Amino acid sequence: MKTKTIRQSVTFKASPHAVYEALMDSRKHARITGAKAKISRKVNGRFTAYDGYIEGVHVDLVPDKKIVQSWRGSDWPEGHFSKATFSLKKIKMRATYFTQSGVPFGHFHGINQGWRDYYWGP
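Residues numbered from 1 in each chain as written. Predicted model: local features only at pLDDT ≥ 70, side-chain atom pairs only at ≥ 80, totals over all residues. Heavy atoms only, no water.

Chemist: Give me the environment of Ala84: which residues, what numbers.
Modeler: Along the chain, Ala84 falls in strand β6 (residues 82-89). Take Ala84: its relative accessible area is 0%, and that puts it in the buried class. Counting along the chain gives 14 residues from Ala84 to Ser70, while the straight-line C-alpha distance between them is 6.4 Å. The residues contacting Ala84, other than those within four sequence positions of it, are Ile67, Val68, Gln69, Trp71, Phe98, Thr99 and Gln100. (Helix = DSSP H or I, 4+ residues; strand = E, 2+ residues; numbered from the N terminus. Buried < 20%, exposed > 50% of the residue type's maximum accessible area, 1.4 Å probe, protein only. Contact = heavy atoms within 4.5 Å.)

Here it is as structure tokens:
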């Protein structure tokens, strides 16, 4: 299957801790996105977001610094997961660096824009 990689850099007026919590706390995540989320806070723990459209497993968690997930959309080819990595760094402008590799080619534009519209914007 042909895949592509998303690379984005986002700056928030929030600490790495606040961004980590927004991504890892089920209630905060749901409040930001406006859709139900169920998020384990453990490595190998499962998560779902957007009323079950997104699902996956946490591969690596370093509180306030990094989240690595095996991540998929429910309409992706059966059994295919991408690797989503959030690198949280406190710098002058407080940046978050995001990479998602293995995104199915036909879903790339929607997922790429979806991060901007449904996560970084809110």
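That covers the picture; the talk isn't over yet.
Chemist: Give a detailed account of the pattern of salt bridges, specifying residues and quantitative values.
Modeler: The final tally for this structure, using the stated rule, is four salt bridges. The shortest N-O distance in the salt bridge between Lys66 and Asp60 comes to 3.3 Å. Ionic contacts of the salt-bridge type, sharing partners, join the residues Arg46, Glu55 and Arg72 into one network. (Salt bridge = Lys/Arg side-chain N within 4 Å of Asp/Glu carboxyl O.)

Chemist: So what's going on with unusual backbone geometry? Residues and values would help.
Modeler: Even without being a glycine, Tyr50 presents a positive backbone phi close to 50 degrees. Mapping Tyr50 onto the fold places it in the loop between β3 (46-49) and β4 (54-62). A positive phi angle, close to 70 degrees, is found at Asp64, a residue other than glycine. Looking at Asp64, the relative accessible area reads 26%, which means it is partly exposed.

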